[in-house]
Amino acid sequence: MFKPNQCNLAPSVSERERYTYTRYRDMDSSCSNEFDVIVIGGGIMGSSTAYQTAKRGHKTLLLEQFDFLHHRGSSHGESRTMRATYKKDYYSKMAVESSKLWREAETEAGYSVYTGTDHLNMGPAGSASLKAVIASCEKNFLPYQILDHGQFTDKFSGRVSIPEDWIAVYTELGGVIKPTKAVSMFQALAFQKGAVLRDNMEVKDIRRDEVRGGIVVCTTKGDKFWCRKCVVTAGAWTRKLVGSIAGLELPIQPVDITVCYWKIKEGHEEKYAIGGDFPTFSSYGDVKIYGTPSLEFPGLIKIILDHGCQCDPDKRKWRPEPDLDSLKEWIEGRFLGLVDGCAPVSMQSCMYSMTPDEDYVMDFLGGEFGENVVIGGGFSGHGFKMAPVVGKILADLALTGHADGVELKHFRIGRFEENPQ
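Only a predicted model underlies this, so the values are computations on that prediction, with no experimental measurement involved.

Chemist: Hey, could you go over the nonpolar core for me, with residue numbers and the actual values?
Modeler: Ranked by size, the top nonpolar core spans 63 residues in total, and within it Met 94, Trp 102 and Tyr 360 carry the most contacts. Those elements that provide at least two residues to this core are β1 (34-40), α2 (44-55), α3 (89-109), α4 (128-139), β6 (166-177), α6 (179-192), β17 (361-364) and α9 (387-400). Ignoring sequence-local partners within four residues, the contact set of Trp 102 consists of Ile 44, Met 82, Val 113, Tyr 114, Ile 177, Ala 182, Met 185, Phe 186, Phe 384, Lys 385, Ala 387 and Pro 388.

Now the structure itself:
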């Protein structure tokens, strides 16, 4: 049986690709189809979970229904935002831990996927969202600075402006994560720890093994795998898969989001470039907007409306048709004419998997599956930054039945039954 190279902890790009894309269709007969843990879904959450279970010494299989690093889900693209400023204080604590785990994984891999910046929240002085952010910072001892209009103008003079009745909350923990590279990193690390990675393996059934105990996972190609524990991280397909195997209707709605890149006026590119002092940012005005410093495309800055249209992940239009009037108006009002708000230079499609309360789902499937199947989903557009800590939590649930240091009551499936609204 082929053994991964445990010596090279900082592989070159070509070697990382070999690790990530290696197929196991022709494994020799000595390789069993029995595992301690099977993770279904090879996006950022599944890849992080597989890394966690494999590095703890558990035989792990990661299954992906499409090619690894595909663009059909929520774990691709050019950048994701890192921040710890949340209205719900339990996310701030998770973000702080996650930022540390990102750095630990980078050290182990030998390359970087996360560039740190400061983070800026802005909005009307009476904004309930900003007040909640401030309260969350205080509860979690997260250092912050409140900037009134004058202080904001002094700090960002000539780059960004806010109305006189707005304020800003400024924190040090922000940043930009490269998503595809990050998924590849966790897959490479999982592989180095002995995990088996198989893509183009769509799961059609998950069932209990009535004879041996444990779980049997079946694919549309006829493969059958046995495991002690199974973790489902199927992203926008979670609702369909859980519904088909357990008859449980999880309220996880895929939403198609349009990612927009805008042209910085010539001669002003450095003012908004990553590596300087320009932060990642969120705006809590009449519309929710967020963005990142210029990184992935020189001379372009990513600024996005934080909402989209409901979709079926298997029947997407792939042709963004957003109403950008409010976003154009916001850009013209904030960026002093230095960012061209007439039209985005580039638009891309991505998916959120939304729950009604925008909280995650991290829980046992229950019912006939008991604690043998763990569900991780519904990350509602703010989950990618949390991937290292989510992977740790899901691995803990699968391997030990509990997760220390996190209030899982916020993420239980039962909350939907208790509050149908």
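Moving on from the model shown.
Chemist: Give me the pairing of strand β9 (residues 215-219): which residues, what numbers.
Modeler: A regular strand places its side chains so that they alternate between the two faces of the sheet. Counting buried residues in β9 gives 5 out of 5 residues, a clear majority hidden from the surface. Residues Ile 215, Val 217 and Thr 219 of β9 are buried on one face, and the alternating residues Val 216 and Cys 218, pointing to the opposite face, are buried as well. Here strand β8 (residues 203-208) runs beside β9; their pairing, made up of 5 bridges, is antiparallel. Within β9, the position partnered with Arg 207 by the bridge is Val 216. From the end of β8 to the start of β9, which pair antiparallel, there are 6 residues, and Gly 213 there has a positive phi angle of about 85°. The pairing of β9 with strand β10 (residues 224-232) spans 4 bridges and is antiparallel. Of the residues in β10, the one forming a bridge with Ile 215 is Cys 227.

Chemist: How would you explain helix α5 (residues 149-156) if you had to name every residue and give the values?
Modeler: In this structure Asp 148 caps α5, since a side-chain oxygen of it lies 3.1 Å from the backbone nitrogen of Gly 150. Gly 158 sits one or two residues past α5 and shows a positive phi near 80°.

Chemist: Account for the side chain of Asp 199, with residues named and values stated.
Modeler: Here Asp 199 lies in the loop between β7 (196-198) and β8. A polar atom in the side chain of Asp 199 sits 3.1 Å from the backbone nitrogen of Phe 68.

Chemist: A description of the pattern of salt bridges should follow, citing residues and the corresponding values.
Modeler: All told, the structure shown has 18 salt bridges when counted by the stated rule. Here Glu 249 makes a salt bridge to Arg 239, at a shortest N to O gap of 2.7 Å. Note that Glu 249 is positioned in the loop between α7 (238-246) and β11 (253-263) and Arg 239 in helix α7, a separation of 10 residues in sequence. Looking at Arg 239, the relative accessible area reads 27%, which means it is partly exposed. Between Arg 415 and Asp 357 there is a salt bridge whose closest N-O contact spans 2.7 Å. On the criterion of sequence distance, the pair formed by Arg 415 in helix α10 (residues 414-418) and Asp 357 in the loop between β16 (346-354) and β17 is long-range, its members being 58 residues apart. Sharing partners across several salt bridges, the network here consists of Arg 56, Lys 392 and Asp 396.

Chemist: Now, about the packing of α2 against α6: what can you tell me, with residues and values included?
Modeler: With their axes 8 Å apart at the nearest point, α2 and α6 run at an angle of 25° to one another. With respect to each other, α2 and α6 are oriented roughly parallel. The element α2 and its partner α6 pack so that their crossing is left-handed. Contacts between α2 and α6 pair Ile 44, Ser 47, Ser 48, Ala 50, Tyr 51 and Ala 54 from the former with Ala 182, Val 183, Phe 186, Gln 187, Leu 189 and Ala 190 from the latter. Among the residues making up the contact of α2 with α6, the classes are represented as 9 nonpolar, 3 polar and no charged.

Chemist: Tell me about the environment of Lys 88, and name the residues and values.
Modeler: Mapped onto the secondary structure, Lys 88 falls in the loop between β3 (80-83) and α3. For Lys 88, a relative accessible area of 31% translates into the label partly exposed. Spatially, the C-alpha atoms of Lys 88 and Gly 174 are 17 Å apart, while their sequence positions differ by 86 residues. Those residues in contact with Lys 88 that lie beyond four places of it in its chain are Ser 136, Asp 357 and Asp 359. A polar contact of 3.3 Å, which involves the side chain of Lys 88, links it to the side chain of Asp 359.

So, how was this worked out
- Residues numbered from 1 in each chain as written.
- Predicted model: local features only at pLDDT ≥ 70, side-chain atom pairs only at ≥ 80, totals over all residues.
- Heavy atoms only, no water.
- Core = buried A, V, L, I, M, F, W, Y, C linked by side-chain atoms within 4.5 Å.
- Buried < 20%, exposed > 50% of the residue type's maximum accessible area, 1.4 Å probe, protein only.
- Helix = DSSP H or I, 4+ residues; strand = E, 2+ residues; numbered from the N terminus.
- Contact = heavy atoms within 4.5 Å.
- Pairing = 2+ DSSP bridges.
- Polar contact = N/O pair within 3.5 Å; in protein donor to acceptor, adjacent residues only side chain to side chain.
- Salt bridge = Lys/Arg side-chain N within 4 Å of Asp/Glu carboxyl O.
- Axes fitted to C-alpha atoms, helices over the stretch in contact; angles between N-to-C directions.
- Parallel < 35°, antiparallel > 145°, perpendicular 65-115°, else oblique.
- Left-handed = near helix turned anticlockwise from the far one by under 90°.
- Nonpolar A, V, L, I, M, F, W, Y, C, P; charged D, E, K, R; others polar.

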